[in-house]
Amino acid sequence: MICCVQRVDSAAVNINAEEERNIGRGLLIFIGVEKSDGENSCSWLADKACGLRIFEDDNGKMSNSVQDIGGEIMVISQFTLSASCKKGKRPDFSNAMEPESAKMYYEKFVNECKKIMGSGKVKTGEFGAYMKISLVNDGPVTILLNHK
């Protein structure tokens, strides 16, 4: 399981050109589920992402987590994080888990984040939907997390 975690001032997702969901200051997390992932990946990565100390304290040091600042989280499924570009120029997505199982892991990850943050602090895109994401990256700060 791969997470791309971005510290944001705000983020929004537009789902199928119909519904929009927004967060303020917090984390935008893109998650890709791979064939080799197990259920323990979900809780480990949720705990790691929610506890990342990447927000500045009063001294300008990164020592606060999204929980510490009372921030929000938006989780977006993104199977393209599993792409391998080692051969040729076309990405190979054969490491990505098949959609039915990947959706289960995605939902488990979201539920683990809700347990840590509280339901009202976690918003999502829609698994498998066409989405447009907008964000204001703060820093920029972008961290890649991988549970293997």
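Above this text is the structure in question.
These notes cover the structure that comes with them. (Residues numbered from 1 in each chain as written. Predicted model: local features only at pLDDT ≥ 70, side-chain atom pairs only at ≥ 80, totals over all residues. Heavy atoms only, no water.)

Concerning the nonpolar core
Defined as follows: Put simply, buried Ala, Val, Leu, Ile, Met, Phe, Trp, Tyr and Cys residues joined by side-chain atoms within 4.5 Å make one nonpolar core. Relative accessibility under 20% of the residue-type maximum defines a buried residue, over 50% an exposed one, and the middle range a partly exposed one, all with a 1.4 Å probe and only protein chains included. By definition, any uninterrupted DSSP run of H or I lasting at least four residues is a helix, any uninterrupted run of E lasting at least two residues is a strand, and each is numbered from the N terminus. For this analysis, residues touch if any pair of their heavy atoms sits within 4.5 Å.
With 29 residues, the main nonpolar core has V5, I73 and F109 as its most contacted residues. Elements with a minimum of two residues in this core: β1 (2–15), β3 (26–32), α1 (39–51), β6 (72–77), α2 (99–117) and β8 (131–146). Broken down by element, the residue count for this core peaks at seven residues, all from α2. When residues no more than four places from it in sequence are discounted, the contact partners of F109 are M1, C3, I29, I31, C42, L45, A46 and V75. Judged by nonpolar contacts, the second largest core, of 12 residues, contains C4, V8, F30 and M131.

Looking at the packing of aromatic side chains
The cut-off we apply is this: Only centres within 6.5 Å qualify two rings of Phe, Tyr or Trp (six-membered ring in Trp) as a pair; their planes then separate them into stacked at under 30 degrees, edge-to-face at over 60, and tilted for everything else.
Summed over the entire model, instances satisfying the criterion amount to two aromatic pairs. Here the aromatic rings of Y106 and F127 are separated by 5.7 Å at their centres, their planes lie at 45°, and the arrangement is tilted. In this pair, Y106 sits in helix α2 while F127 sits in the loop between β7 (122–124) and β8, placing the two residues 21 residues apart along the sequence. Residue F127 is classed as partly exposed on the basis of its relative accessible area, which comes to 25%.

Observations concerning the layout of surface pockets
Under the convention used in this document: Buried and open spaces are told apart on a 1 Å grid over the protein atoms alone, a cavity being a set of points where a 1.4 Å probe fits but cannot get out and a pocket being an open set with protein on both sides within 12 Å along at least five of seven lines. Residues with an atom within 4 Å of a point are the lining residues. Grid points are joined across faces, edges and corners, and a volume is the space filled by probe spheres set on the points. The nonpolar class holds Ala, Val, Leu, Ile, Met, Phe, Trp, Tyr, Cys and Pro. Asp, Glu, Lys and Arg form the charged class, and all remaining residues, Gly among them, are polar.
Of the volumes computed, that of the largest pocket is approximately 330 Å³. Contributing to the lining of the largest pocket are 19 residues, with S77, Q78, F79, F127 and G128 lying nearest its centre. Of all the elements in the fold, those that place two or more residues in the lining of the largest pocket are β3, β6, α2 and β8. Here the element with the most residues in the lining of the largest pocket is β3; it accounts for three residues. Considered class by class, the residues forming the lining of the largest pocket number 14 nonpolar, five polar and no charged.

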